[in-house]
Amino acid sequence: MEKISVFLDDYRKAPDGHVLVETIDECIHLLQTFEIDHLSLDHDLVSKSRNGLMLVHIMVQKQLFANRITVHSANSTGGKAMYHYLKQAQQDFEMPTDIKVILRPLPLSFIPPNQLQKQ
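To start, this report covers the structure provided alongside it. Along each chain, residue indices are assigned from 1 in the same order as the chain's sequence is written. Given that this is a predicted model, residues contribute local features only at a pLDDT of at least 70 and side-chain atom pairs are listed and counted only at 80 or more, while totals for whole chains, interfaces and linings are drawn from all residues. Processing note: side-chain calculations cover all non-hydrogen atoms of the structure and skip hydrogens and water entirely.

1. Comments concerning helix 2 (residues 52-62)
Classification of residues uses two cut-offs on accessible area relative to the type maximum, computed with a 1.4 Å probe and protein chains only: under 20% is buried, over 50% is exposed, and between them is partly exposed. Helix and strand definitions follow DSSP, with helices as H or I runs of at least four residues and strands as E runs of at least two, each counted in order from the N terminus. G52, L55, V56, I58, M59 and V60 are the residues of helix 2 that are buried. For helix 2, the elements touching its buried residues are strand 1 (3-8), helix 1 (24-33), strand 3 (35-41), strand 4 (66-71) and helix 3 (76-91). Of the residues that open helix 2, the one with a side-chain oxygen 3.0 Å from the backbone nitrogen of L53 is N51. Residue contacts are counted whenever heavy atoms from the two residues lie within 4.5 Å of one another. Here a polar contact means two N or O atoms within 3.5 Å. Within protein one must be a hydrogen donor candidate and the other an acceptor candidate, and residues neighboring in sequence count only if both atoms are side-chain atoms.

Right under this line is the structure:
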């Protein structure tokens, strides 16, 4: 199975080497279809109810994971809720404990490295 990296965000551009998805449905499809090396997640999306927190609940329920998961949301409450949910799933053995889960908020004005070189 091909390995890819995925960046879920409806506002920022994806960093170099990442596939950009804007909805949790697109993200779920890729999680079901590819082996995901790195998954970077935002909380706030166009749909207020189908957000990043809903996605991590679905990921744990359906056992859809990446080798490494970063929560990059600038929404401190939503991002922390996603991070803590994933860490709790690891503690409860509902998610493999060897998956690295990182909380690293990005500002909304984040410009990915590949875009910096083009300016």
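This is not the end of the story, as more comes after the structure.
2. Comments concerning the environment of G78
Within the element layout of this structure, G78 appears in helix 3. Residue G78 is classed as buried on the basis of its relative accessible area of 8%. Sequence separation of G78 and G52 is 26 residues, and the distance between their C-alpha atoms is 8.0 Å.

3. As for the environment of R50
Residue placement: R50 occurs in the loop between strand 3 and helix 2. By relative accessible area, which is 32% here, R50 ends up partly exposed. In sequence terms R50 and T23 are 27 residues apart; their C-alpha atoms lie 7.9 Å from each other. What R50 contacts, discounting residues up to four positions off in sequence, is I24, D25 and L45.

4. A word on the packing of helix 2 against helix 3
Here an angle of 0 to 180 degrees is reported between the N-to-C directions of two axes, which are lines fitted to C-alpha atoms, with helices fitted over the stretch in contact. Close contact between helix 2 and helix 3 brings their axes to 9 Å; oriented N to C, the two are set at 10°. What the angle tells us is that helix 2 and helix 3 run roughly parallel. Our pair here, helix 2 against helix 3, has a crossing hand that is right-handed. Here G52, L53, V56, H57 and V60 of helix 2 lie close against helix 3, whose contacting residues are A81, M82, Y85, L86 and A89. Gly counts as polar in this scheme, as do all residues outside two lists: the nonpolar Ala, Val, Leu, Ile, Met, Phe, Trp, Tyr, Cys and Pro, and the charged Asp, Glu, Lys and Arg. Of the residues assigned to the contact of helix 2 with helix 3, the class counts are eight nonpolar, two polar and no charged. Small angles under 35 degrees read as roughly parallel and large ones over 145 as roughly antiparallel, with 65 to 115 read as roughly perpendicular and the rest as oblique. Note: crossing handedness is left-handed where the near helix turns anticlockwise from the far helix by less than a right angle, and right-handed where it turns clockwise.

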